[in-house]
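Spelled out, the chains give:
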Amino acid sequence: MKYYSLNQSGKKEATTTFKEAVIRGLAPDRGLYFPENIQPLDQDFISNIDKYTHEEIAYEVIKQFVEGEIPEQDLKQIIKETLCFDFPLVEVEENIWSLELFHGPTMAFKDVGARFMARCLGYFGKKDKTTDVTVLVATSGDTGGAVASGFLGVNGVRVVILYPSGKVSDIQEKQLTTLGRNITALEVNGVFDDCQEMVKTAFLDRDLKSQNLTSANSINIARWLPQMFYFFFAYKQLKDKNKEVVFSVPSGNFGNICAGMMAYKLGLPLSHFIASTNINDTVPRYIQTGKYSPKPSVQTISNAMDVGNPSNFIRIQTLFDNDFDLLKTMFSSISYTDDATRQAMQHIFKNSGYITDPHGAVGYLGLKDYLTNSSGKAGVFLETAHPVKFLDVVEETLGAKIEIPAQIQSVLGKDKVSVKINDYNDLKSYLLDRGV
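What counts, and at which threshold
Residues numbered from 1 in each chain as written. Predicted model: local features only at pLDDT ≥ 70, side-chain atom pairs only at ≥ 80, totals over all residues. Heavy atoms only, no water. UniProt positions renumbered as here; feature names shortened; annotations may be inferred. Helix = DSSP H or I, 4+ residues; strand = E, 2+ residues; numbered from the N terminus. Expected span 1.5 Å × (residues − 1). Buried < 20%, exposed > 50% of the residue type's maximum accessible area, 1.4 Å probe, protein only. Contact = heavy atoms within 4.5 Å. Pairing = 2+ DSSP bridges. Axes fitted to C-alpha atoms, helices over the stretch in contact; angles between N-to-C directions. Right-handed = clockwise from strand over helix to strand, strands pointing away.

Looking at an unreviewed UniProt entry, the chain carries the name Threonine synthase, with the source organism given as Abyssalbus ytuae. The annotation that UniProt attaches to the chain under Catalytic activity (unreviewed entry) is "O-phospho-L-homoserine + H2O = L-threonine + phosphate". Regarding the chain, the relevant UniProt record gives this comment under Cofactor (unreviewed entry): "pyridoxal 5'-phosphate".

### Structural notes on helix α8 (residues 192-203)
Look at α8: 17 Å from first C-alpha to last across 12 residues, which is about the 16 Å you get at 1.5 Å a residue. The buried fraction of α8 is high, at nine of 12 residues. For α8, the secondary structure elements touched by its buried residues are β6 (133-138), β7 (157-164), β8 (183-188), β9 (213-215), β14 (419-421) and α19 (424-434).

### Digging into the sheet that holds β8
Taking strand neighbours across the sheet as the criterion, the five strands line up as β9-β6-β7-β8-β14 in an open arrangement whose pairing is parallel. Looking at strand neighbours, the two that pair on one side only are β9 and β14, the edges of this open sheet. On average, each strand axis in the sheet is inclined to that of its neighbour by 30 degrees, with strand direction left out of account. Relative to β8, β7 runs parallel, the two sharing six bridges. Within β8, the residue paired with L162 across the bridge is L186.

### Focus on the pairing of β6
For a regular strand, the rule is simple: side chains alternate between the two faces of the sheet. Within β6, six of the six residues are buried, which leaves the element mostly enclosed by the surrounding structure. Where burial is concerned, the two faces of β6 agree: the one with V133, V135 and V137 and the one with T134, L136 and A138 are both buried. In this structure, β6 lies alongside β7, joined through six bridges in parallel fashion. For T134, the partnering residue across the bridge sits in β7 and is R158. Handedness of the crossover is the feature at issue here: the chain leaves β6, passes through helix α6 (residues 142-151), returns alongside β7, and the resulting connection is right-handed. With three bridges connecting them, β6 and β9 associate as parallel partners. Directly across from T134, in β9, lies its bridge partner L213.

Here it is in structure tokens:
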């Protein structure tokens, strides 16, 4: 499989390999990498998906995207180590399910992408005995913890995480600032979009070329593509319902929902996608008006979605040939306030006893609104993080105590260690001075 930059106006003249795309993270022209072609899966495999294990499904889904780069047995081992936890569907109410993606080591959906990418980089480094790589990543919440955990102790890989000061939850901050070893946290005086812009700028800074920078945000194909697995796993569990399946995905940088739409392009028979957002509504406004106009992000209780200019939306547009009308046949997007989010959390808890985090509640709202005019379908909203990650908000909203899982307890007693920076010059100086 070859990859090309989406800054080439759709032209596929300059292509690169999976390995190089993973190591670079971002193309030299600042564009996101995209597969040169997408080959639909055998329909017999889709029809009999309930007969396969999660690991077997994941291998079939991902193999064309790494073909020629990682041998079959090594790829299967990477998948086995990546998928070492479950992805249960929980029926919250009739025809509405929560797909729980928080049973991994950091209790967030990003564990899969982070673990897959870490193991791919580990494989490439071990095989080629290449020089050390620095993973530079921006986080609005859960990405930082997942990347820190996924890459902890990986030989030849150093991780530098940028996060907006005061705009991640206490538990999220602990998960990315307490591990030490090859993990460093930079606390940025700004918002997530500032962190993301710094990361993109660093990739193109010639002064930092010797640092071998790559990204572990969902702009990196090895972080983005494995998220397709979730949608296949959910479909497998719903196959015997014989209903059309709709997914509502809490969306910030739009990597997760874009992976779901990739699953659709691979042949998974899904009915519709809803990108449910908080008041950071760049994409909902685009769907309403046809005009894409990013704006500065605003802080909310669903902080992982506090993104004003979603990087991955260009990939979604590319999947539908930049045809606005075609996109709208499969994709809609709705935004919700914090008040509506809290009300949804309370409603779900009161009626089913199920506890959602703020992001899952936004996903639930989008699904309910869509199903109002599309009854009889099986609706799935993604519960992307364990409610404990947003302990204060959840307990205050529901008036209930949440038991703290062992994964979280292990970091609560540790001391936060971070380096404060204000702008790109501070980041550049840190990278050069520390020799990372």
